[in-house]
Amino acid sequence: MMMKVMAVLLLLAAGCGGVCKSDKPVTTVGRADDGAAVVHDWIENASRHFGRNRLLRQAFDFIRTHDLANLPIGRYEIAGDDCYALVQELDLKPVSEGRLELHRDYIDIQMPVDGTETFGLATPPPRVLSEAKWDGRDIVFFDAPMKTVTVKPGEFIMLFPLRGAHAPCLTDGPARRIRKLVIKVRADNSGTGTVNAN
C-alpha cells in the first residue's frame, strides 16, 4: 500500500544531546513506522538519521569538513560510487515548472549553499513504480500533484529511493542562480536506505 503524505512533525530537542534545534520543524513524508521517505532537518541534527544507512556519517562528515561556498564545481569522491558529492550552480525555476523525479539506487541529500531552494514533494503513484522505464539510469520523471518545502542554508533535505519523489531547483520568487550540494548515497531497492551487505 502506498504511503500518504503526512503532516509536518515537530521534533523537540529532548533526547538530542543538546545539539538539536528545537525551534525548527522537521518535515517528514511517509509512515513513521518504516522510516520517512523525505527528511528536512538542520545539518546540526544529521546524526539522528545515521541509523538509516551506514554511509550517512561519511556524507555529513564531508559537509562538515569542506568549505562548500568556495569548493570548485564538480564531483568529489567520498566512498567511490557508493557515496559522492556534486557541487553545482543551477538556475531556479518557478514552482509551476517543476517536474517530479524519483531515484531507485541512491538516497539524495540536497542542500542549498548560498540561498533558499524550494522542492516539490509527492508520494509516487502506483502507476509510476509499475511503469517506470529506468533504462540503466537512476532517475525517472513524472507529473503529479505536489506540496512544497523551502530549504535554507544550514538545512538539508534527504530523499529516499522509490518513495522520496521530488522536484528540485524551484523558487516561489524571481528566477535566480544558486550554489548547492547534492550527495548521492547508495541504498538497496527497498527504499529504506539500508545498504546491502554484499
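If you're wondering where the values come from, they're calculated on a predicted model, not measured in any experiment.

Undergrad: Mind showing me how you'd approach the packing of aromatic side chains here?
TA: For any pair of aromatic rings, the description consists of the separation of the ring centres together with the inter-plane angle of the planes. Scanning the entire structure with this criterion turns up four aromatic pairs. Ring geometry for Phe-50 and Phe-60: centres 6.2 Å apart, planes at 35 degrees, overall tilted. A residue pair is termed long-range when its members are at least 10 positions apart, and Phe-50 in the loop between strand S2 (38–42) and helix H1 (56–65) and Phe-60 in helix H1 qualify at ten residues. In this pair, the class of Phe-50 matches that of Phe-60, namely buried.

Undergrad: Where do I start with the nonpolar core in this structure?
TA: Across soluble globular proteins, nonpolar side chains have a tendency to be buried as a group. Ranked by size, the top nonpolar core spans 25 residues in total, and within it Ile-109, Phe-156, Met-158, Leu-181, Ile-183 and Val-185 carry the most contacts. The residues touching Met-158, leaving out its near neighbours within four places in the chain, are Ala-37, Val-38, Val-39, His-49, Leu-56, Ile-107, Asp-108 and Ile-109.

Undergrad: I'm lost on the side chain of Arg-179 in this one. Help?
TA: Of note, Arg-179 is situated in strand S13 (residues 177–186). From its side chain, Arg-179 meets the backbone oxygen of Leu-68 in a polar contact 3.0 Å long. At 2.6 Å, the side chain of Arg-179 forms a polar contact with the backbone oxygen of Leu-71. Setting aside its immediate chain neighbours within four residues, Arg-179 contacts Leu-68, Ala-69, Asn-70, Leu-71, Ile-73, Val-87, Gln-88, Glu-89, Pro-112, Val-113 and Asp-114.

Definitions and limits used
- Residues numbered from 1 in each chain as written.
- Predicted model: local features only at pLDDT ≥ 70, side-chain atom pairs only at ≥ 80, totals over all residues.
- Heavy atoms only, no water.
- Phe/Tyr/Trp six-rings, centres within 6.5 Å; stacked < 30°, edge-to-face > 60°.
- Helix = DSSP H or I, 4+ residues; strand = E, 2+ residues; numbered from the N terminus.
- Buried < 20%, exposed > 50% of the residue type's maximum accessible area, 1.4 Å probe, protein only.
- Core = buried A, V, L, I, M, F, W, Y, C linked by side-chain atoms within 4.5 Å.
- Contact = heavy atoms within 4.5 Å.
- Polar contact = N/O pair within 3.5 Å; in protein donor to acceptor, adjacent residues only side chain to side chain.

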